[in-house]
Amino acid sequence: MIIKLIWRNLWRNRRRTLITMASITFSVLFAIVMQSFQKGVFDNLIKNVVGYYSGYIQIHRAGYWEEQVLDNSFALNDTLVNQLNKNSSITGIVPRLETFLLASQGNTTKGCMLVGTDANKENQLTHLQHKISKGEYFNNQEEVVLIAEGLAKRLNVDVQDTLVLFGQGFQGSMAAGKYPIKGLVHLASPAMNDALFTSPSRCQYFLSAENRLTSRSLGIGSPDEMESVLKAEHYR
């Protein structure tokens, strides 16, 4: 009886009921569309930021994030890589050896970050090759460097010029060498505008840090999968 009365009351004023139904339907649809749009924008923003360099997840030795020095690097471990490869959510694993040193050309010297990274894996995660503004991309067999445009401008260098690098290697050893510039890289991030890139083997040799890394950066298919990857039992 109550349902019958409600039904009759709804259609007593047909226009009012139709307007109300249309308003509710439009509001719900509009909210769904806006929420989907917002989620898509945020996911794409996160993907662009982490894909720019850091990756969704980074693996370091305990204490490295608080004190980012070569003595807090870790030895290569095939067991860890094999475990990571078993997780279908992980789309890429990029090994990196990072340190800060001095780059010099002529009478000009600037502080910069040196990144030893696998050319192919780095390109899969960050699309570094597509950011080459002049010159060519490097490969893992070459004794060359890529230089960010900001650092190149400050040092007044160009492709085929030679940089002198000087710094401290692993366990206090001295690191010094000369490397030709193969390409300039356009990096919009100010934090990366003073970076040099070379192969991991060349960087390890230069820093007397053979078979060592400071991080492994992981790419995953979706931001929604990050928590499940972090909580995976074989990473505990």
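Located above this text is the structure these notes cover.
By convention here, each chain's residues receive numbers from 1 onward along its written sequence. Where totals are concerned, whole chains, interfaces and linings use all residues; where local detail is concerned, this predicted model gives features only for residues with pLDDT of at least 70, and gives and counts side-chain atom pairs only at 80 or more. Side-chain metrics in this entry use all non-hydrogen atoms of the structure; hydrogen atoms and water are not considered.

Novice: For the nonpolar core, give the residues involved together with the corresponding values.
Specialist: Here, the term nonpolar core denotes a set of buried Ala, Val, Leu, Ile, Met, Phe, Trp, Tyr and Cys residues that are joined through side-chain atoms within 4.5 Å. The cut-offs for exposure are 20% and 50% of the maximum accessible area for each residue type, with area from a 1.4 Å probe on protein chains only; residues under the lower value are buried, those over the upper are exposed, and the others partly exposed. Grouped together as the largest cluster of nonpolar side chains are 24 residues, with contacts concentrated most on Ile147, Leu163, Leu165, Leu196, Phe206 and Leu207. In this description a helix means any DSSP run of H or I spanning at least four residues, a strand means any run of E spanning at least two, and both kinds are numbered starting from the N terminus. If you list the elements that add at least two residues to this core, you get strand 3 (90-105), strand 4 (108-117), strand 6 (145-148), helix 5 (149-155), strand 7 (162-168), strand 8 (174-185) and helix 6 (200-206). The leading source of residues in this core is strand 8, at four residues. Contacts were defined at the residue level, with two residues in contact if any of their heavy atoms lie within 4.5 Å. The contact partners of Leu196, leaving out residues within four places of it in the chain, are Ala103, Cys112, Met113, Leu114, Val115, Leu146, Ile147, Leu151, Leu163 and Leu165.

Novice: Lay out the pattern of salt bridges with the relevant residues and their values.
Specialist: By salt bridge we mean one thing: a side-chain nitrogen of Lys or Arg within 4 Å of a carboxyl oxygen of Asp or Glu. Under the criterion given, the structure shown has five salt bridges. Arg202 is the salt-bridge partner of Glu143, the closest N and O atoms lying 2.7 Å from each other. Of this pair, Glu143 sits in the loop between strand 5 (132-135) and strand 6 while Arg202 sits in helix 6, and the two are 59 residues apart along the sequence. Note that Asp194 and Arg154 form a salt bridge whose closest N and O atoms lie 2.2 Å from each other. One end of the pair, Asp194, is in the loop between strand 8 and strand 9 (195-198); the other, Arg154, is in helix 5, with 40 residues separating them in the sequence. Classification of Asp194 by relative accessible area gives partly exposed; the value is 26%.

Novice: I'd like to hear about unusual backbone geometry, residue by residue, with values.
Specialist: A negative phi angle is the norm for most residues apart from glycine, just as the trans form is the norm for most peptide bonds. For His127, which is not a glycine, the phi torsion comes out positive at approximately 55°. Considering the arrangement of structural elements, one finds His127 in the loop between helix 4 (119-126) and strand 5. Phi is positive for Asn156, which is not a glycine, with a value near 60°. Asn156 sits in the exposed class, given a relative accessible area of 65%.

Novice: A description of the environment of Asn120 should follow, citing residues and the corresponding values.
Specialist: Take Asn120: it is sitting in helix 4. Looking at Asn120, the relative accessible area reads 53%, which means it is exposed. Between the C-alpha atoms of Asn120 and Asn139, which are 19 residues apart in sequence, the distance is 7.7 Å.

Novice: Provide a residue-level description of the pairing of strand 11 (residues 215-220), including the pertinent values.
Specialist: Within strand 11, six of the six residues are buried, which leaves the element mostly enclosed by the surrounding structure. The alternating pattern of strand 11 places Ser215, Ser217 and Gly219 on one face and Arg216, Leu218 and Ile220 on the opposite face, and all of these are buried. Sheet topology places strand 3 next to strand 11; six bridges connect them, and they run antiparallel. Bridge pairing in strand 11 links Gly92 to Gly219. Strand pairing requires that DSSP identify at least two bridges connecting the strands.

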